[in-house]
Amino acid sequence: MIWGKVKIAHEISRTKFPAKPSNMESCPSVKNILLLDSEGKRVAVKYYCDDWPTNNAKEAFEKSVFSKTQKTNARTEAEIAMFENNIVVYKFVQDLHFFVTGGEVENELILATVLQGFFDAVGLLLRGNVDKKEALENLDLILLCLDEIIDGGIVLETDANVIAGKVASHSLDSGAPLSEQTISQALATAREHLARSLLK
C-alpha cells in the first residue's frame, strides 16, 4: 500500500508542467482587460504585456475573442475559455462584454476574481446603470478603475467596494463625500482631476 503511494508520488514529480517565467513565479499576472460593446468595438482596454505589439494585433485579438465568445450565455456568471494559448474569462451585461486574459499557466479562479471585481466596481461606479452609453460618459472612472485593479499586469485589488472607493476618492473634491455630490458634479470633478494629471 505504501509502495503504491510512493510510486504515484514519484510519477507525479516526474511529470512536466509548463513553467512560469522566473520573474512571474510568485505573483499572478493579467495580460489584458477588455471592455467591448455588443459589436466587439472597444469601450475601454488595457494591455499589460507585449504579446500584441501593435494596435492592429490588439484589435485582431479583440475581434477574435469577441467572435469566439459572442454566442455564449455569460450573463449570469463568468465563463472561461482557452484562446491562442491564453485563458480568457468573460462576462456580459446588457450591451457590454467584460474580458480578462491571462497566460495558459495562470489560475482561472484568480482571473475570475479579477473579472468579478472589475465588473462589480463598474456597477458601483455607474450606480447600477451598466450599459455602453453610461460607460462612455464615465470612461475616466472606468480607466481609473482599471488602474486600481492592475498595475503592470500584477493584481493589486479585487474587492469592488475598495476599488470603487479609491476611484471615487481620486475623482472627488476632498471636502465632499460621494453621497452628497450630484452625478454631474462628480463627473466634472473627475474630468478636472484627469485633465490635471494629463498635463503634469
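Position numbers for residues start from 1 in each chain and track the written sequence from start to end. Only residues with pLDDT of at least 70 get local features here, since the model is predicted, and only at 80 or more are side-chain atom pairs given and counted; chain-wide, interface and lining totals rely on the full set of residues. The side-chain quantities take in all heavy atoms of the structure and omit both hydrogens and water.

The name given to the protein chain in an unreviewed UniProt entry is Coatomer subunit zeta, and the organism recorded there is Vitis rotundifolia. UniProt positions are given in the numbering used here, feature names are shortened, and annotations may be inferred rather than shown by experiment. For the protein chain, the Sequence similarities (unreviewed entry) comment in UniProt is given as "Belongs to the adaptor complexes small subunit family." For the record of the protein chain, the UniProt heading Subunit (unreviewed entry) holds the text "Oligomeric complex that consists of at least the alpha, beta, beta', gamma, delta, epsilon and zeta subunits."

Draft legend 1. Structural context of the overall build of the protein chain. For helices the rule is a DSSP run of H or I covering at least 4 residues; for strands it is a run of E covering at least 2, with both sets numbered from the N terminus onward. Summing up its helical and strand segments, the protein chain has seven helices and seven strands in all. Ordered by position in the sequence, the α and β elements of the protein chain form the string α-β-β-α-β-β-β-α-α-α-β-β-α-α. Classification of the 200 residues of the protein chain by burial places 39% in the buried group. The contact criterion used is simple: two residues touch if any of their non-hydrogen atoms lie within 4.5 Å. When contacts within the protein chain are restricted to residue pairs at least 6 apart in sequence, long-range pairs at least 24 apart make up 48% of them. Surface exposure of the protein chain reaches about 11,500 Å², of which carbon and sulfur atoms provide 54%. Three labels apply to residues, based on accessible area from a 1.4 Å probe with only protein chains included: buried if under 20% of the type maximum, exposed if over 50%, partly exposed otherwise in between. Using a 1.4 Å probe, the Shrake-Rupley method yields the accessible areas, and only the shown protein chains count as cover for residues.

Draft legend 2. Fine view of the sheet that holds strand 1 (residues 32–37). Between any two strands, pairing holds if DSSP finds at least two bridges. Judged by pairing direction, the sheet is antiparallel, and its five strands sit side by side in the order 2-1-5-4-3 without closing on themselves. Two strands lie at the open edges of the sheet, namely strand 2 (42–47) and strand 3 (79–83), each paired on one side alone. The average angle at which neighbouring strand axes cross in this sheet is 20°, direction not considered. Summarising the sheet, strand 4 (residues 86–93) and strand 5 (residues 96–103) pair through eight bridges and their orientation is antiparallel. Following the sheet pairing, Asn-86 is matched in strand 5 by Gly-103. Set on the sheet, helix 3 (residues 108–125) makes contact with strand 1, strand 3, strand 4 and strand 5; between it and strand 4 the angle comes to about 30°. In this analysis, axes come from line fits to C-alpha atoms, helices being fitted only over the stretch in contact, and the angle between any two N-to-C directions falls in the range 0 to 180 degrees.

Draft legend 3. Summary view of the environment of Thr-72. With respect to the element layout, Thr-72 can be found in the loop between helix 2 (55–69) and strand 3. Beyond its immediate sequence surroundings of up to four residues, Thr-72 is in contact with Tyr-90 and Phe-92.

Draft legend 4. Spotlight on the side chain of Thr-101. Note on placement: Thr-101 falls in strand 5. At a separation of 2.8 Å, a polar atom in the side chain of Thr-101 contacts the side chain of Asn-32. Not counting chain neighbours up to four residues away, the residues in contact with Thr-101 comprise Val-30, Lys-31, Asn-32, Trp-52, Phe-61, Asn-86, Ile-87 and Val-88. Distance and chemistry together define a polar contact, namely a pair of N or O atoms within 3.5 Å, with one atom able to donate a hydrogen and the other to accept it when in protein, and with adjacent residues in sequence counting only for side-chain atoms on both sides.

Draft legend 5. Geometry of the packing of aromatic side chains. Any Phe, Tyr or Trp ring, taking Trp's six-membered ring, that has another such ring centre within 6.5 Å forms a pair; planes under 30 degrees apart are called stacked, those over 60 apart edge-to-face, and the others tilted. The tally for this structure, following the rule as stated, stands at eight aromatic pairs. With a centroid separation of 5.1 Å and 70° between ring planes, the pair formed by Phe-98 and Phe-119 is classed as edge-to-face. Pair noted here: Phe-98 is in strand 5 and Phe-119 is in helix 3, with a separation of 21 residues, a long-range link. When sorted by exposure, Phe-98 lands in the same class as Phe-119, which is buried. Ring-pair connections join several aromatic residues into one group, and the members of that group are Tyr-47, Trp-52, Phe-61 and Phe-83. Here the guanidinium or amino end of Lys-91 rests over the ring plane of Phe-119, the centre of that ring lying 4.3 Å away. Cation placement over rings: the criterion is NZ of Lys or CZ of Arg within 6 Å of the ring centroid and within 35° of the ring normal.

Draft legend 6. Fine view of the pairing of strand 2. As paired strands, strand 1 and strand 2 are joined by five bridges and run antiparallel to one another. Across the sheet, Leu-34 pairs through a bridge with Val-45, a residue of strand 2. Two successive antiparallel strands, strand 1 and strand 2, enclose a turn made up of four residues, where Gly-40 displays a positive phi of approximately 85°.

Draft legend 7. Quick peek at the environment of Val-114. Position of Val-114 relative to the elements: it lies in helix 3. Residue classification places Val-114 among the buried residues on the basis of a relative accessible area of 0%. As for Val-114 and Ala-160, which are separated by 46 residues in sequence, their C-alpha atoms are 9.5 Å apart. Beyond its immediate chain neighbours, meaning those up to four positions away, Val-114 contacts Ile-33, Val-100, Ile-149, Ile-150, Val-155 and Thr-158.

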